[in-house]
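# Structural characterization, general
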Amino acid sequence: MYPRSLTASFAFAILVAGAWLIAPSASSAPPAAEVQVENAWIPQPPPGTDVAAAYLTLRNVGHTPAVLVGVSSPVAASAAVHQSMIMQGESMMMPVERLTIRPGETVTLKPNGLHVMLNSVRKPLQVGERVPLVLRFASGEELHVSAQVRPLGSQ
Ligand SMILES: [Cu+2]
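Predicted, not measured: the structure shown is a model, and the values here were computed from it.

### Topic: the nonpolar core
- Counting 25 residues, the largest nonpolar core has Ile 42, Ala 54, Leu 56, Val 116, Leu 133 and Ala 147 as its most contacted members.
- Broken down by secondary-structure element, the contributors of at least two residues to this core are β1 (35-43), β2 (52-60), β3 (66-72), β4 (76-87), β8 (114-121), β9 (130-137) and β10 (142-150).
- The leading source of residues in this core is β2, at 5 residues.
- Discounting residues that sit within four places of it in the chain, Ala 147 has contacts with Ala 40, Trp 41, Ile 42, Ala 54, Leu 56, Arg 130, Val 131 and Leu 133.

Dropping the structure here:
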């Protein structure tokens, strides 16, 4: 009887170990949204300017909407998402508090459209330099991005 019960308890131990191994992935909720970032870049600001615009492409490959609610960068005192527009012949910028990217949707921030505004940039940005950006989503997720500085006039 002894070897038999040993086998049974050994099998039970494997079962418990297996359940323990499975539990963490089953109990931790999947991220609310999965966003991929491509082609993050910054046109080099003209000399004497302390603001810069950052552009990038956001692709929601998840199954729930992703809502971008904040941006920050160590090179800028503050940062925000803006929308450029022409109103009564004047070029204007409006803050975009919440930028929603639906599942499967790709949103491109590009010149004359949506952009990340970097305010009070602390130092001159050199062409080729990589500038860290942190994108904060309503889910609490943060995406760390590196934007490359390109010559002024790049598209
Ligand atoms: Cu702006």
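### Describing unusual backbone geometry
- A positive phi angle, close to 50°, is found at Gln 88, a residue other than glycine.
- In this structure, Gln 88 sits in the loop between β4 and β5 (90-95).
- Here Gln 88 falls in the exposed class, since 5 other C-beta atoms lie within 10 Å of it.
- One non-glycine residue, Asn 112, lies in the positive phi region at around 70°.
- In this fold, Asn 112 is placed in the loop between β7 (106-109) and β8.
- The class of Asn 112 is exposed, set by 10 C-beta atoms lying within 10 Å.

### Section: the environment of Ser 139
- Looking at where Ser 139 falls in the secondary structure, it is placed in the loop between β9 and β10.
- Along the backbone, Ser 139 and Val 69 are 70 residues apart, and their C-alpha atoms lie at a distance of 9.4 Å.

Conventions we followed
Residues numbered from 1 in each chain as written. Predicted model: local features only at pLDDT ≥ 70, side-chain atom pairs only at ≥ 80, totals over all residues. Core = buried A, V, L, I, M, F, W, Y, C linked by C-beta atoms within 7 Å. Buried ≥ 20, exposed ≤ 12 C-beta atoms within 10 Å, placed from the backbone. Helix = DSSP H or I, 4+ residues; strand = E, 2+ residues; numbered from the N terminus. Contact = placed C-beta atoms within 7 Å.

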